[in-house]
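Summary of the model geometry
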Amino acid sequence: MTPVHPALPLFVAAALMGLVRPTSRGPIALAGAIAALTAVVGLPAPAELQATLLGFDLRLIAADELSRLFALILAVMAGLGTLYALHVERGGEHAATSVYAGASLGVVLAGDWVTLFLFWELMAISSTAVVWHGGGGRARAAGFRYLFVHLASGALLLTGILMLHATGTDLLGPVPPGAAFWLLLAGIAINAAIPPLHAWLTDAYPEASVTGSVFLSAFTTKTAVYVLIRTFPGAEPLIWAGVAMALFGVVYAVLENDIRRLLAYHIVSQVGYMVAGVGMGTALALNGAAAHAFCHILYKALLFMGAGAVLHATGRRKLTELGGLAPRMKAVVVLYMVGALSISGAPLFNGFVSKSMVVSAAAVGGWPVLELLLTLASVGTFLHTGLKLPYFTFFGPPAAGIEPRPLPRNMLAAMGAAAALCVGLGLFPGWLYARLPFDAGYAPYTLDHVVSAMQLLLGTGAAFALLLPKLRGQPTITLDTDWIYRRPLRRAAAATVAGAATAGRRLEGAGAAVVRAAAAVASDPVRGFASLQSWVEGGASEELRSTGYDPDRYRLPVGAIVLWAVAALGVTALLLR
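Scoring rules and cut-offs
- Residues numbered from 1 in each chain as written.
- Predicted model: local features only at pLDDT ≥ 70, side-chain atom pairs only at ≥ 80, totals over all residues.
- Heavy atoms only, no water.
- Helix = DSSP H or I, 4+ residues; strand = E, 2+ residues; numbered from the N terminus.
- Rg over C-alpha atoms; globule rule 2.2 N^0.38 Å.
- Buried < 20%, exposed > 50% of the residue type's maximum accessible area, 1.4 Å probe, protein only.
- Contact = heavy atoms within 4.5 Å.
- Areas by Shrake-Rupley, 256 points an atom, 1.4 Å probe, with all protein chains shown as cover.
- Lys, Arg positive; Asp, Glu negative; His and termini not counted.
- Charge placed at Lys NZ, Arg CZ, Asp CG, Glu CD.
- Axes fitted to C-alpha atoms, helices over the stretch in contact; angles between N-to-C directions.
- Parallel < 35°, antiparallel > 145°, perpendicular 65-115°, else oblique.
- Left-handed = near helix turned anticlockwise from the far one by under 90°.
- Nonpolar A, V, L, I, M, F, W, Y, C, P; charged D, E, K, R; others polar.
- Expected span 1.5 Å × (residues − 1).
- Phe/Tyr/Trp six-rings, centres within 6.5 Å; stacked < 30°, edge-to-face > 60°.
- Lys NZ or Arg CZ within 6 Å of the ring centre and 35° of its normal.
- Salt bridge = Lys/Arg side-chain N within 4 Å of Asp/Glu carboxyl O.
- Pairing = 2+ DSSP bridges.
- Core = buried A, V, L, I, M, F, W, Y, C linked by side-chain atoms within 4.5 Å.

Examining the overall build of the protein chain
Scanning the protein chain from terminus to terminus reveals 24 helices and 2 strands. Here the protein chain has a C-alpha radius of gyration of 31 Å; the compact-globule value for 577 residues is 25 Å, and the former is much larger. The C-alpha extent of the protein chain, read off along each of the three principal axes, is 110 × 60 × 55 Å. Across the 577 residues that make up the protein chain, the buried fraction comes to 52%. A separation threshold of at least 6 residues defines the contact pool for the protein chain, and within that pool the share at least 24 residues apart is 81%. Carbon together with sulfur atoms contributes 69% to the accessible area of the protein chain, which is approximately 25,000 Å² in total. Taking the average location of the 37 positive side-chain charges in the protein chain and that of its 28 negative ones, the two points are 12 Å from each other.

Some thoughts on the packing of helix α14 (residues 330-343) against helix α16 (residues 368-395)
Two elements in contact, α14 and α16, have axes whose closest approach is 9 Å; the angle formed by their N-to-C orientations is 165 degrees. By the angle between their directions, the pair α14 and α16 is classed as roughly antiparallel. α16 is crossed by α14, and the crossing has left-handed handedness. Side by side, α14 and α16 meet where Val 332, Val 333, Tyr 336, Met 337, Ala 340, Leu 341 and Ile 343 of the first sit next to Thr 381, Phe 382, Thr 385, Gly 386, Leu 389, Pro 390, Phe 394 and Phe 395 of the second. Of the residues contributing to the contact of α14 with α16, the split by class is 12 nonpolar, 3 polar and no charged.

Quick notes on helix α2 (residues 22-41)
Spanning 20 residues, α2 covers 30 Å between terminal C-alpha atoms, matching the ideal 28 Å at 1.5 Å per step. Three or more residues of α2 are buried, namely Ser 24, Arg 25, Gly 26, Ala 29, Leu 30, Gly 32, Ala 33, Ala 36, Ala 39 and Val 40. Summarising the contacts, the buried residues of α2 are in contact with α1 (7-16), α3 (65-84) and α4 (91-109).

What about the packing of aromatic side chains?
Under the defined criterion, the tally for this structure stands at 18 aromatic pairs. Each ring, one from Phe 181 and one from Trp 182, has its centre 5.0 Å from the other, and the planes form 75 degrees; the classification is edge-to-face. By relative accessible area, which is 13% here, Phe 181 ends up buried. A connected cluster of aromatic rings, assembled from ring pairs, spans Tyr 100, Phe 215 and Phe 219. The ring of Tyr 273 has Lys 355 sitting right over it, with the charged end atom 5.2 Å from the ring centre.

Remarks on the pattern of salt bridges
Evaluation of the coordinates by the stated rule reveals 9 salt bridges. Arg 138 is the salt-bridge partner of Glu 207, the closest N and O atoms lying 3.1 Å from each other. Highlighted residues: Glu 207 in the loop between α8 (199-204) and α9 (212-216) and Arg 138 in helix α6 (residues 136-166), separated in sequence by 69 residues. Residue Glu 207 is classed as buried on the basis of its relative accessible area, which comes to 7%. Residue class for Arg 138 comes out exposed when judged on its relative accessible area of 56%. Through salt bridges with shared partners, a single ionic network connects Arg 138, Glu 207, Asp 258, Arg 261 and Arg 317.

Describing the environment of Ala 51
Take Ala 51: it is sitting in strand β1 (residues 47-53). According to the relative accessible area criterion, Ala 51 is partly exposed, its value standing at 29%. Other than its neighbours up to four places away in sequence, Ala 51 contacts Phe 56, Asp 57, Leu 58 and Leu 60.

Topic: the packing of helix α7 (residues 179-192) against helix α10 (residues 220-231)
In the contact formed by α7 and α10, the axes pass within 7 Å of each other and the chain directions differ by 145 degrees. Crossing handedness for the pair α7 and α10: left-handed. Across the interface between the two elements, Leu 185, Ile 188, Asn 191 and Ala 192 from α7 touch Thr 220, Thr 221, Ala 224, Val 227, Leu 228 and Thr 231 from α10. Split by residue class, the contact of α7 with α10 holds 6 nonpolar, 4 polar and no charged.

Some thoughts on the side chain of Lys 355
Relative to the assigned elements, Lys 355 resides in helix α15 (residues 350-364). Lacking a salt bridge, the buried Lys 355 has Glu 371 as its closest oppositely charged neighbour, with an N-O distance of 14 Å. Aside from chain neighbours lying at most four places away, what touches Lys 355 is Gln 270, Tyr 273, His 292, Ile 343, Ser 344, Gly 345, Ser 378 and Thr 381.

Side note on the pairing of strand β2 (residues 56-63)
Sheet topology note: the β1/β2 ladder contains 7 bridges and is antiparallel. Bridging across to β2, Leu 53 finds its partner in Phe 56. In sequence, β1 turns back onto β2 through a hairpin of 2 residues, with Leu 54 there showing a positive phi of about 50 degrees.

What about the nonpolar core?
Side chains that are nonpolar tend, in soluble globular proteins, to be buried together. Tyr 205 and Phe 232 are the most contacted members of the largest nonpolar core, which totals 166 residues. For this core, the leading source of residues is helix α13 (residues 283-314), giving 22 residues.

Some remarks on α7
With 14 residues, α7 extends 20 Å between its outermost C-alpha atoms, agreeing within 8% with the 20 Å of an ideal straight helix rising 1.5 Å per residue. Most of α7 sits out of view: 10 of its 14 residues are buried. Here α7 has its buried residues at Ala 180, Phe 181, Leu 184, Leu 185, Gly 187, Ile 188, Ala 189, Ile 190, Asn 191 and Ala 192. Buried residues in α7 make contact with α5 (113-132), α6, α8, α10, α11 (237-255) and α12 (259-280).

Concerning the side chain of Ser 209
As for its placement among the helices and strands, Ser 209 is situated in the loop between α8 and α9. Owing to a relative accessible area of 8%, Ser 209 belongs among the buried residues under this scheme. Discounting residues that sit within four places of it in the chain, Ser 209 has contacts with Arg 90, Glu 93, His 133, Gly 134 and Arg 260.

Some thoughts on unusual backbone geometry
For the bond from Pro 195 to Pro 196, the omega torsion is 5 degrees, close enough to zero to count as cis. By secondary structure assignment, the location of Pro 196 is in the loop between α7 and α8. Positioned with a positive phi, Ala 193 is a non-glycine residue whose angle comes to about 65 degrees. Positionally, Ala 193 belongs in the loop between α7 and α8. Even without being a glycine, Leu 348 presents a positive backbone phi close to 85 degrees. Relative to the helices and strands, Leu 348 is located in the loop between α14 and α15. Taking the relative accessible area as the measure of exposure, Leu 348 reaches 47% and is therefore partly exposed.

Read these as spatial facts, not as claims about activity.
Right, here's the structure in full:
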């Protein structure tokens, strides 16, 4: 039986957005997400779906344990995100998020490089539209920067794919050493937000709409992690790139004042654990990377839902403008803290059963420095996401003039469902471990793991209490690596435009001079030829200088013109026989 591609219901839902009433758009998008999840669950093992495009044999579906795991969580996330956005009546936003989710499913189910590239680019375009639906000049500018960066990622990816194709390699698999290796790794690294190629994420995600940022938090970086697991397992440079991500993200998150930008920086940090796991390349590390991506999608979406709920209710997004909301947003506080404890690796929550796999893989694999640095990053995670953000948003000194408006019930329902999944996976990790792609036994709830985690959490809590006055958000701008290219590129673009305009004016003048000269020659070919002869030979004959063009003297007889016209028609007739 030919399987239905899970992306198809999402694409159909997107196509229907312009044909239905605004109040029907949310339910249709949700129906498409549920149908996509049903299609993922119903995929046989193994599952294949092939097609042909422009001479390329495409493997639209090549599902194994790894792709099925990622497809499952992405489809679940499509449902949760759409439920959170159920009250939204903008058809364009629902269409963009549906296509974005469908394209991400296309990436993780692809069996060849060309199919992956097509869905990869569709993700870039549709996610740009999601950013733009944030509205306003900031979202528009961030969306353009986001698009340019991801087009660069696609160009690198395509170049590497063409190089692999020239060697007869089209199917997805570990990439052999060579130029294609580095081109593909660079293209994927951009989508994985590996510093210094990460700033597109922290620039664009906070500018999307309240609902759009939930989708953005889930798909792009995690599909990149999937592709890294599939094609670069054991690539040693990824180990230290992952460590750099984990530490870089937490440092900038501690400094951040904008709650959604803080969470965006922490995406960089958490994806670092996954990237480091891919670089280690052991069965336990790769399972840890896959499991952590699965869990991260849930708790990070929950955190963005909580931050979005605050923004929706108050219109404010900065810690210096918030505070004292807990009594009036009790449900949001409780659900947000589930996500905060999950991302911090607290026992009984899903982050504990996935993040500890990567750290344990570093210990077992003989990387003690890596284990220490990843553990240090965990301290920063609880400090800013589990303590700083909720304290100064919900429990700190009340901000003046805040009257939260009621939240749509569907937003709280989506947060509740995500929180339940975070707790469920933390309590029953065996369900997740049974679906991991590699054979590597792991027991999270050992005395050592639990005690170590609790020590980190309690120690971080004590440090937070001591440093509380210094940890409050500051209304400042923290420069990131994008400053290196945003300002110079803006100036370079302005200089390029000015230079092109000057060159255009000069070319226009030169062209006009050529046209005037040609017109003069055409009006009097004899004197024109005299001028040419004078320029070439240093002088022209007296006859040419003294005589002008006489049409009665120089033009061909009418009979000669007719002869050549008849000859041309005859040759044409012979050629067309």
